[in-house]
Amino acid sequence: MIIDHFSQIGPRDKNEDFIIVDEPKFVFVVCDGMGGHDGGEIASKTVAETIVNHWSNDMDEVCQNAAAKLDEVAGDIDMGTTMALVALSDTHAKMAHCGDSRIYLVREGKLVYQSVDHIALTDSGTPILTRGFFSHKHRFTPDIHEEKIISGDRILICTDGVFGNGKWSDLCDLLVNKATTIEDIEELASRNAHDNYSAILINIV
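Residues numbered from 1 in each chain as written. Predicted model: local features only at pLDDT ≥ 70, side-chain atom pairs only at ≥ 80, totals over all residues. Heavy atoms only, no water.

## Some words on the overall build of the chain
Helix and strand counts for the chain come out as five helices and 15 strands. Taken over C-alpha atoms, the radius of gyration comes to 16 Å for the chain, in line with the 17 Å a tight globule of 205 residues would show. Overall, the C-alpha framework of the chain stretches about 50 × 40 × 30 Å when taken along its three principal axes. When the 205 residues of the chain are sorted by exposure, 49% land in the buried category. As displayed, the chain offers around 9600 Å² of accessible surface, 48% of which is attributable to carbon and sulfur atoms. Averaging the positions of the 17 positive and the 34 negative side-chain charges in the chain gives two centres separated by 4 Å. (Helix = DSSP H or I, 4+ residues; strand = E, 2+ residues; numbered from the N terminus. Rg over C-alpha atoms; globule rule 2.2 N^0.38 Å. Buried < 20%, exposed > 50% of the residue type's maximum accessible area, 1.4 Å probe, protein only. Areas by Shrake-Rupley, 256 points an atom, 1.4 Å probe, with all protein chains shown as cover. Lys, Arg positive; Asp, Glu negative; His and termini not counted. Charge placed at Lys NZ, Arg CZ, Asp CG, Glu CD.)

## Here's the deal with unusual backbone geometry
Phi is positive for Phe 26, which is not a glycine, with a value near 55 degrees. Along the polypeptide, Phe 26 turns up in the loop between strand E2 (17–22) and strand E3 (27–35). The residue Glu 108 is not glycine, and still its phi comes out positive at about 50 degrees. Assignment of secondary structure puts Glu 108 in the loop between strand E7 (102–107) and strand E8 (110–114). For Glu 108, a relative accessible area of 64% translates into the label exposed.

## Looking at the nonpolar core
If you look at the biggest cluster of nonpolar residues, it comprises 24 residues, and the most contacted ones within it are Val 29, Val 47, Ile 51, Met 83, Leu 85 and Phe 133. Put simply, the parts of the chain that give this core at least two residues each are E3, helix H1 (39–53), helix H2 (59–74), strand E5 (83–88) and strand E6 (92–98). The biggest single contributor to this core is H2, with seven residues. For Ile 51, the contacting residues outside a window of four places in its chain are Val 29, Val 62, Ala 66, Met 83 and Leu 85. Ranked by size, the runner-up nonpolar core spans 18 residues in total, among them Ile 19, Val 30, Val 86 and Leu 88. (Core = buried A, V, L, I, M, F, W, Y, C linked by side-chain atoms within 4.5 Å. Contact = heavy atoms within 4.5 Å.)

## A short note on helix H4 (residues 168–175)
Within the span of H4, buried status applies to Leu 171, Leu 174 and Leu 175. Taken around the axis of H4, the buried residues stretch over an arc of 95 degrees, which confines them to a single face. (Arc of directions from axis to C-beta.)

## Some thoughts on the state of the cysteines
For the coordinates displayed, the defined rule picks out zero disulfides. Between Cys 98, a cysteine without a disulfide, and Cys 63, which holds the nearest cysteine sulfur, the sulfur-to-sulfur distance is 7.0 Å. In this structure Cys 98 comes out as buried when scored by relative accessible area, which is 0%. Cys 158 takes part in no disulfide bond, and the closest cysteine sulfur, belonging to Cys 172, lies 12 Å away. (Disulfide = S-S within 2.5 Å.)

If you want it as structure tokens, here you go:
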């Protein structure tokens, strides 16, 4: 297994993304925080670290623990974060996400799995998250997907700064190309960046 990653501030004043690569546990998490002042940074770090530090295969328990910790840390401040997670065993990948951070699985040049964003449009056409880890608002139930993995598979976990702003088709082209490196994905994300951008690329070998 070969793991590469990046997390960049982009055009923002601070980086509210937070990633964890825990190779001993084979657990990988990407969170994209939101909230005033330092709220987004705190939310993404709190949820990611709680998930990894208290990791178990009981996803409901893991998410309950992370939500409770976020409530405790947030106090009276409104803050939140997305969450995308991949946990690997010798034969399978367990994938979970909540919000609009995404997970992609590519096999033999084909996209075989893509997580579905938890997004809705308001009457004015503004996109809003329908699920996420929000302090004191329990809408954190993730979608969970399990897939058998084989040598040669590639898994990308990323925030919307990587695929957004019209970059999805270019990212898809990169993902299905076996020669693509993490540097190629980072360079794409940096083009006309509108947000922080972070990703973990896992190559199964």
